[in-house]
Amino acid sequence: MNSHGGKPDSLESVQEQHEMPETRTFCPSELKEDILSMIERHYCAHPLIPGYSSPTPEGIRAWAVKQMYNYCVTNDLREVWAYLWGNWYRPGRWELWARSSHEQIAVLKTTMILEAQ
């Protein structure tokens with residue numbers, strides 16, 4: 001019987017009432033490497049290093065934000081974009097990690113990269 005005392009619910013309607021909502025994966029594992037590679041390219045971009053994007057810090061940031069945003073939209077990664085924007089790409093956070101935010105290129109990281117090769 002249904003909850004209102006009438007005739008019994010069909011099996012399908014009972015199953016529909018108890019189905020779990022579809023869950024979303026934060027980031028599928030096959031896309032993680034692409035995102036990490038992009039973040040590394042964005043980190044390394046600097047006006048003194050030719051070949052990445054714009055020759056200005058502002059242009060580099062615009063290029064990086066647009067590239068990451070478009071990747072997230074294309075791959076339906078709303079949660080990933082929200083995380084990346086809030087913690088890495090928004091003004092105030094970008095300046096903490098991006099090389100392009102500083103006139104000089106950090107020698108320590110560059111040396112570590114060269115030694116790792």
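K.L.:
Would you mind going over unusual backbone geometry with me for this structure?
P.N.:
Negative phi values dominate among residues other than glycine, just as trans dominates among peptide bonds. With phi around 55°, D76 is a residue other than glycine that occupies positive phi space. With respect to the helices and strands, the residue D76 is situated in the loop between α3 (57-74) and α4 (78-89).

K.L.:
For this particular structure, what's the right way to read a nonpolar patch on the surface?
P.N.:
A cluster of nonpolar side chains, namely F26, Y83 and W88, defines an oily patch on the protein surface of about 300 Å² accessible area. Along the chain, F26 turns up in the loop between α1 (11-18) and α2 (29-44). The exposure class of F26 is partly exposed, given its relative accessible area of 44%.

K.L.:
How do you make sense of α3 when you look at a structure like this?
P.N.:
An α-helix turns once every 3.6 residues. As a result, residues three or four positions apart point the same way. Taking 1.5 Å per residue as the helical rise, α3 with its 18 residues ought to reach 26 Å, and the 26 Å between its terminal C-alpha atoms agrees with that figure. Every buried residue belonging to α3 is among G59, I60, A64, V65, M68, Y71 and C72, and all of these are buried. Contacts from the buried residues of α3 go to α2, α4 and α5 (94-97). Backbone geometry just after α3 places D76 at a positive phi near 55°.

K.L.:
I'm lost on α4 in this one. Help?
P.N.:
For α4, built from 12 residues, the straight-helix expectation of 16 Å at 1.5 Å per residue is missed by more than 12%, its first-to-last C-alpha distance being only 14 Å. Turning to α4, its buried residues are V80, W81, L84 and Y89. The buried residues of α4 occupy an angular sector of 95° when projected down its axis, which confines them to one face. α4 presents R78 and A82 as exposed residues on the side facing more than 90 degrees away from its buried surface.

About the thresholds
Residues numbered from 1 in each chain as written. Predicted model: local features only at pLDDT ≥ 70, side-chain atom pairs only at ≥ 80, totals over all residues. Heavy atoms only, no water. Helix = DSSP H or I, 4+ residues; strand = E, 2+ residues; numbered from the N terminus. Patch = residues over 30% accessible without salt bridge, like charges linked within 9 Å, V, L, I, M, F, W, Y side chains within 5 Å. Areas by Shrake-Rupley, 256 points an atom, 1.4 Å probe, with all protein chains shown as cover. Salt bridge = Lys/Arg side-chain N within 4 Å of Asp/Glu carboxyl O. Buried < 20%, exposed > 50% of the residue type's maximum accessible area, 1.4 Å probe, protein only. Expected span 1.5 Å × (residues − 1). Contact = heavy atoms within 4.5 Å. Arc of directions from axis to C-beta.

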